[in-house]
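Structural overview for review
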Amino acid sequence: MAESIGALEERIELLRAQVRQALVGGNRERASELRRGLREAERAWHDALAALEQEPPEQQRPRDGRLLAGAAEGNARAQAGSAERGLAGPAAPPRLQLPLREQVHQALTLLTVPASPRLISAVHEALFAGAISTARLTSLRRDEERSFLVAPFARPYYLCAALTADLLAPVRGLLSVSTWPMERRVIGPLSPRVDYLTAAIQIAESVQRIPGPGPAAWRLLWRFAVNIPGGSAQAGEVDPATVARAARAEMEIHADADTATRGAAAARARRQLGDPEQLFGSRLRAAPQAGVGA
Amino acid sequence: MDSTEARLDRIRGKVPPRNHNARTIAALSSNPGCARRAIMDAAGADKQRLAAHAGFPAGFGQSQFAITRGNAFEAQVKANGCAELLRLLRDQLRLPIPEVSYDNLEEVGGDASRELRHARTRHLLMRTAASGRDAGTLFDHPLLRLEVGGRAVYLEPDLIAFRLNGRFHVVEIKSFAVIDGQADGGKVAAAVIQSAVYVLALRQLLAELGIGPDAVADEVILVCPENFANQPTAAALDVRKQLTVLRRQLARLQRVDTLLDLLPAALTFDLDPDPAGTPRRPAADLADAVRAVPARYAPECLASCEMCFFCRDEARGATAALGRAVRDELCGVEHVASVLSLARGADPGPGELAEAAQVLRSAARLRQEGLGEAV
């Protein structure tokens, strides 16, 4: 009985990934076809679980720490109702904080540009629930890469690298989101500055939007304001509208050249790199020796 | 005939070499006559370990705290495409707003080997110097090379900035504070000499590409924290004087292979560590080996070389150990014992020291009259 549930869960995961890919690729008919198959599999899964409920409770499935298994379990728990609680072991206590990758995803989604762990942590502290320890972020990219290699595209997004425009190698110290278009994830010579200005605009608009920005938010905004010409109209004061305006003004100067560089690099990346390299970058390798030595 | 590399490797022993950096080159050029230091630095020997094992540990070098703080400040200044540094450069160099291009030379496509980084540095700087549309502005962690004592040494300045139709500027980021416009004189002086080394290296690199020395400014940008906050501030420092001194001293640095020729072929400073890393070589044996290479101790060594206490102990009894000024006052007599005996008048000394003897005797008499005690 347990095997068929396991096999069903795997099929469900696979179908979900395929649905997502079909949607991203714009293929609606294939997507609805896959969705139908997905619904059937889910129905079969519910039935199998209900049948299992009649039997004595199973041994708790060993948690081997693999991210895929964890994700499948997490999804299973979310999908089924209280029926499954007896199955998967003691219920997880209600979490007060999102897992690390969700927090990073939140911060990056606000910034809309690749960012360093320090900036991600500062944004999260200023505008979301609290600081993220930067030490935990250093291994995040590697963990995400491993998770991707184990099961490509199994998760809705991955926290991945930004690539250098010239060699398409991973940029040290930057995190980005896999669902962003390639153009946003390549870094040319002008891109660090353009992304900095974009981040300033996003943070300024957030500070204006949220009801009670704390001192951390104003401090963060101020650090951007002093480094953008015209960002702080009067010394010691910081006004989000001024910062945004000044950032846009400077960005106009760099935008065209930067967009051109990024566009060319993105096209090359899509042409030359496979899926894992497009997300996590490619590294220089020694070319194989051609021919036999004389 | 062994190659120089092989001989230096043998002298160093079975450990990986420690790199020269601008600090060691600056210190070396301030004492060019010291063969011991020249050989040890060229071989990349760990002077701290050698001194400690020979029985004269130097409580030396930067504390881990200072190193961490320096790295943190540098990271802050260079964060987000050098946002804070751009503000300072736009102010100091009048860097125009459109020039913000940033290139990171810390690794090339994930590969951090020095040859590769140096080749890429040359490529990017050459492209920039041609001042085309792709001219870069900020070069982070560039890798330069300098000939020191006949060997090439890799050097890594903090950053090089370039202004279009302008010149390259070396930028040094240090974590000692500038308070009310003043900073510790000794630290600033050290920073200036190190930056001069980088200017020299950069000029050499550009010369190899056929670009004249005027392409590199004589002014170095020093970035430090201001007052008691961590806000960075920048100042332009003129290094022309240091450049002249440096060029002269580096030319005087004897080629390392000439020095090696004077040494016994089997000389080695290897500590012969056991598998746990504890040195097994007897300390006296190591001390003898070190003494086989002549040194030139001066009190300045106390501030810049880890072997200082060893060499000072060795130089005990020589007036040179008291510093050049004192030695000149003592009329250049070489040993303290001779000075004292000449001053006491007991021994008239050799003919050529007659004048010195006279000076020293009058000094002794003055002292006796003034302090009431005999020399």
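Fair warning: this is a prediction, and the values are worked out from it, not measured in the lab.

**Observations concerning the overall build of chain A**
From N to C terminus, chain A includes 12 helices and 4 strands. Partitioning the intrachain contacts of chain A with sequence separation of at least 6 by distance along the chain shows that 60% fall at a separation of at least 24.

**Observations concerning the overall build of chain B**
Counting its regular elements, chain B contains 15 helices and 8 strands. Principal axes of the C-alpha set define a box for chain B whose edges measure 80 × 55 × 40 Å. Classification of the 375 residues of chain B by burial places 38% in the buried group.

**A closer look at the interface of chain B and chain A**
Often, the extent of an interface is quoted as the loss of accessible area upon association of its parts. Between chain B and chain A, the residue contacts involve 19 residues of the former and 20 residues of the latter. For the side of chain B that touches chain A, the leading source of residues is helix H5 (residues 64-92) of chain B, giving 7 residues. Of the residues belonging to the side of chain B that touches chain A, the class tally is 8 nonpolar, 6 polar and 5 charged.

**Things to note about the sheet that holds strand E1 (residues 102-104) of chain B**
Residues and elements named next belong to chain B. Strands sit in the order E1-E2-E5-E6-E7-E8 across an open sheet of 6 strands; the sheet is mixed. The outermost strands of the open sheet, each flanked by one partner alone, are E1 and strand E8 (232-238). Sheet twist, expressed as the mean angle between neighbouring strand axes with direction ignored, is 25 degrees. By the bridge criterion, 7 bridges tie strand E7 (residues 219-225) to E8 in an arrangement that is antiparallel. Looking at E8, one finds that Cys-224 is bridged to Thr-233. Strands E1, strand E2 (138-140), strand E5 (159-162), strand E6 (168-173), E7 and E8 of the sheet are contacted by H5, whose axis makes an angle of about 60 degrees with E8. On the sheet, helix H7 (residues 185-208) packs against E5, E6, E7 and E8 and is oriented at approximately 145 degrees with respect to E6.

**Some words on the pairing of strand E3 (residues 144-148) of chain B**
Regular strands show a simple pattern: their side chains alternate between the two faces of the sheet. Residue and element names in this part refer to chain B. What you see with E3 is a clean split: Leu-144, Leu-146 and Val-148 sit on the buried side and Arg-145 and Glu-147 on the side with no burial. Pairing of E3 with strand E4 (residues 151-155) involves 5 bridges; the strand directions are antiparallel. If you follow Leu-146 over to E4, its bridge partner there is Val-153. What sits between the antiparallel neighbours E3 and E4 is a turn of 2 residues, in which Gly-149 has the positive phi angle 60 degrees.

**Quick notes on the packing of helix H5 (residues 117-127) of chain A against helix H10 (residues 215-226) of chain A**
Residues and elements named next belong to chain A. Contact geometry for H5 and H10: axes closest at 7 Å, N-to-C directions at 140 degrees. What the angle tells us is that H5 and H10 run oblique. In terms of crossing hand, the pair formed by H5 and H10 is left-handed. Of H10, the residues touching H5 (which contributes Ala-122, Val-123, Glu-125, Ala-126 and Leu-127) are Ala-216, Ala-217 and Leu-220.

**Section: the nonpolar core**
The biggest cluster of nonpolar side chains holds 144 residues, and the ones touching the most others in it are Ala-200 and Val-243 of chain A together with Val-197 and Leu-202 of chain B. Broken down by element, this core gets its largest block of residues, 11 residues, from H7 of chain B. For Val-243 of chain A, the residues in contact, after removing those within four places along its chain, are Ala-200, Ala-204, Leu-221, Phe-224, Ala-225, Ile-228, Gly-231 and Val-238 of chain A. Counting residues in hydrophobic clusters, the runner-up holds 7 residues, among them Leu-330, Val-333, Leu-342 and Ala-357 of chain B.

**Observations regarding the environment of Asn-27 of chain A**
Along the polypeptide, Asn-27 of chain A turns up in the loop between helix H1 (2-24) and helix H2 (28-54). When the C-alpha positions of Asn-27 of chain A and Pro-181 of chain A are compared, they lie 18 Å apart, and in sequence the two are 154 residues distant.

**Some details on the confidence of the model for chain A**
Close inspection of predicted coordinates is inappropriate in any region flagged by low pLDDT. Mean pLDDT for chain A: 81, with 81% of residues reaching 70 or above. Here helix H3 (residues 67-79) of chain A is the element of chain A with the lowest mean pLDDT, 44, and strand E4 (residues 186-187) of chain A is the one with the highest, 96.

**Quick look at helix H9 (residues 191-209) of chain A**
Spanning 19 residues, H9 of chain A covers 26 Å between terminal C-alpha atoms, matching the ideal 27 Å at 1.5 Å per step. Across the 19 residues of H9 of chain A, 14 count as buried, placing the element largely inside the fold.

**Description of the packing of helix H14 (residues 336-344) of chain B against helix H15 (residues 354-371) of chain B**
Residues and elements named next belong to chain B. Interhelical geometry of H14 versus H15 gives an angle of 70 degrees and a closest axis separation of 7 Å. By the criterion of interaxial angle, the relationship of H14 to H15 is roughly perpendicular. Residue-level contacts link Val-339, Leu-342, Ala-343 and Arg-344 of H14 to Ala-356, Ala-357, Leu-360, Arg-361, Ala-363 and Ala-364 of H15. Split by residue class, the contact of H14 with H15 holds 8 nonpolar, no polar and 2 charged.

**Overview of the domain arrangement of chain B**
Taken as a whole, chain B is organised into domain 1 (64-251) and domain 2 (321-371). The gap between the C-alpha centroids of domain 1 of chain B and domain 2 of chain B is 49 Å.

**Quick word on helix H3 (residues 35-43) of chain B**
All names here are of chain B. Burial analysis of H3 places 8 of its 9 residues in the buried class, the great majority of the element. Listing the buried residues of H3 in full gives Arg-36, Arg-37, Ala-38, Ile-39, Met-40, Asp-41, Ala-42 and Ala-43. Those residues of H3 that are buried are in contact with helix H1 (4-12), helix H2 (22-30), helix H4 (47-53), E4, helix H9 (256-261) and helix H10 (283-291). Of the residues one or two after H3, Gly-44 is the one with positive phi, at around 75 degrees.

**Thoughts on unusual backbone geometry**
All names here are of chain B. Notably, Asn-80 is not glycine yet its phi reads approximately 55 degrees, a positive angle. For Asn-80, the location among the structural elements is in helix H5. Residue Asn-80 is classed as buried on the basis of its C-beta count, with 24 C-beta atoms lying within 10 Å. Of note, the phi angle at Cys-82 is positive, near 60 degrees, even though the residue is not glycine. Inspection of the secondary structure assignment puts Cys-82 in helix H5.

**A look at the environment of Leu-110 of chain A**
Residues and elements named next belong to chain A. Summarising the element assignment, Leu-110 is placed in helix H4 (residues 100-111). Classification of Leu-110 by C-beta neighbours within 10 Å gives partly exposed; the count is 18. For the pair Leu-110 and Ala-265, spaced 155 residues apart in sequence, the C-alpha separation works out to 24 Å.

**A word on the confidence of the model for chain B**
The predicted model of chain B has a mean per-residue pLDDT of 85, with 97% of residues at 70 or higher. In the predicted complex, the global pTM is 0.73; the interface-specific ipTM is 0.75.

Cut-off values and rules
- Residues numbered from 1 in each chain as written.
- Chains lettered and ligands numbered in written order.
- Predicted model: local features only at pLDDT ≥ 70, side-chain atom pairs only at ≥ 80, totals over all residues.
- Helix = DSSP H or I, 4+ residues; strand = E, 2+ residues; numbered from the N terminus.
- Contact = placed C-beta atoms within 7 Å.
- Buried ≥ 20, exposed ≤ 12 C-beta atoms within 10 Å, placed from the backbone.
- Nonpolar A, V, L, I, M, F, W, Y, C, P; charged D, E, K, R; others polar.
- Pairing = 2+ DSSP bridges.
- Axes fitted to C-alpha atoms, helices over the stretch in contact; angles between N-to-C directions.
- Parallel < 35°, antiparallel > 145°, perpendicular 65-115°, else oblique.
- Left-handed = near helix turned anticlockwise from the far one by under 90°.
- Core = buried A, V, L, I, M, F, W, Y, C linked by C-beta atoms within 7 Å.
- pLDDT = per-residue confidence, 0-100.
- Expected span 1.5 Å × (residues − 1).
- Domains from an automatic or database assignment.

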